[in-house]
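Chain by chain, the residues run as shown.
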Amino acid sequence: MSSTSAFHTAIVPAAGLGTRFLPTTKAVPKELLPVVDTPGIELVATEAAQAGARRLVIVTSPGKEAVAEYFRPQPELERTLDERGRTDLLEKVRRAPNLLEVETAIQDKALGLGHAVGCAEPNLTDEDEAVAVLLPDDLVLPTGVLTRMAEVRARLGGTVLCAFDIPRELISPFGVFDVEPTDTDDVLGVKGMVEKPKPEDAPSTYAAAGRYLLDRAIFDALRRITPGAGGELQLTDAIALLIAEGHPVHVVVHRGGRHDLGNPGGFLRAAVDFALEHPDYGPSLREWLRDRLDNS
């Protein structure tokens, strides 16, 4: 298998405590909160499967077994729905277990995104010369950017990341790429990264999003970087090390939208957005919102 072959495994870091959703997340993992009727983690798993992943490694923490359990078949529930003729619900219940093979890796301590990704290394096989990482808090819309990223890796090799073009005055909360043009529109070479720069110090307006297609070399880099603040291992530090050593890194600029499921405000926006497009709920919700806003 060549180094430019498609990826087969996707990693979803899901070990966080979901503190911004407390007290709900005392009992329900944040990743299972429904965007209308589908948990965010199923949405990103579907995106990974559509891009060619056959396996999903969920990096989780003790006590969050329900996240992986969501992808297991539920024979009794399926039998009940079948007996009642609820084929519509039966299809929904079977959807996640049929997406891809799901397994878990345990992150005992929250030591950063780089540490979380590294926890999944024992789950990989020799055929995993590249892995996708999808952050479940990030919904990148429309889906398809991971497929484009795989195409860029097949052509240029190395590691491929996703970027959004952010207005400079709003750039400070993000990791920002130092880039150079290529011969393809919206594909840029990466010379470096800066975390959370002041607007005037940002090397570009291209900010990192929650989609990564990482060459297997990332795991060696993660073992060689040093922890930063709070003892955390940052994935961007490992990527920066690869860049410094001549490893090719590119970004695909995504011109669509995104939703941040990591906080209640962003989650509500995603839920409203998805509900407005839903054939059952959209028309009445649109009418209700119009009346509600007119009377506010």
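Residues numbered from 1 in each chain as written. Predicted model: local features only at pLDDT ≥ 70, side-chain atom pairs only at ≥ 80, totals over all residues. Heavy atoms only, no water.

As annotated in an unreviewed UniProt entry, the protein carries the name UTP--glucose-1-phosphate uridylyltransferase and is attributed to Solihabitans fulvus. As stated in UniProt under Sequence similarities (unreviewed entry), the record for the protein gives "Belongs to the UDPGP type 2 family." In its Catalytic activity (unreviewed entry) section, the UniProt record describing the protein reads: "alpha-D-glucose 1-phosphate + UTP + H(+) = UDP-alpha-D-glucose + diphosphate". (UniProt positions renumbered as here; feature names shortened; annotations may be inferred.)

(A) Just the packing of aromatic side chains, in detail. On inspection of all chains with the given rule, the structure shows 2 aromatic pairs. With 5.8 Å between their ring centres and 75° between their planes, Phe21 and Phe267 make a pair best called edge-to-face. Residue Phe21 is located in the loop between β1 (9-13) and β2 (34-35), and its partner Phe267 is located in helix α9 (residues 264-276); the two are separated by 246 residues in the primary sequence. Like Phe21, the residue Phe267 is buried in the burial classification. Centre to centre, the rings of Tyr70 and Phe71 are 5.5 Å apart; their planes meet at 90°, and the pair counts as edge-to-face. By relative accessible area, Tyr70 is classed as partly exposed at 27%. On the accessibility criterion, Phe71 (3% relative accessible area) is buried. Here Arg258 stacks its cationic end above the ring of Phe164, 5.0 Å away from the centre of that ring. (Phe/Tyr/Trp six-rings, centres within 6.5 Å; stacked < 30°, edge-to-face > 60°. Helix = DSSP H or I, 4+ residues; strand = E, 2+ residues; numbered from the N terminus. Buried < 20%, exposed > 50% of the residue type's maximum accessible area, 1.4 Å probe, protein only. Lys NZ or Arg CZ within 6 Å of the ring centre and 35° of its normal.)

(B) How the structure looks around the environment of Glu129. Secondary-structure assignment places Glu129 in the loop between α5 (113-119) and β6 (130-134). According to the relative accessible area criterion, Glu129 is partly exposed, its value standing at 24%. Between the C-alpha atom of Glu129 and that of Arg216, which follows or precedes it by 87 residues, the distance is 5.1 Å.

(C) The arrangement of the packing of helix α7 (residues 217-224) against helix α8 (residues 235-244) in detail. As a packed pair, α7 and α8 sit with axes 9 Å apart at the nearest point and diverge in direction by 110°. The angle between the axes of α7 and α8 places the two elements in the roughly perpendicular class. Here α7 contributes Ala217, Ile218, Ala221, Leu222 and Arg224 to the contact with α8, which in turn contributes Leu235, Ala238, Ile239, Leu241 and Leu242. (Axes fitted to C-alpha atoms, helices over the stretch in contact; angles between N-to-C directions. Parallel < 35°, antiparallel > 145°, perpendicular 65-115°, else oblique. Contact = heavy atoms within 4.5 Å.)

(D) The arrangement of the side chain of Ser61 in detail. Position of Ser61 relative to the elements: it lies in the loop between β4 (55-60) and α2 (65-69). Given the relative accessible area of 10%, Ser61 is considered buried. Setting aside its immediate chain neighbours within four residues, Ser61 contacts Ala15 and Gln107.

(E) Representation of the environment of Glu47 in the model. Tracing the sequence through the fold places Glu47 in helix α1 (residues 40-50). Sequence spacing of Glu47 and Ile11 is 36 residues, and the spatial spacing of their C-alpha atoms is 12 Å. Excluding residues that lie within four positions of it along the chain, Glu47 makes contacts with Leu134, Thr143, Val145, Leu146 and Arg211.

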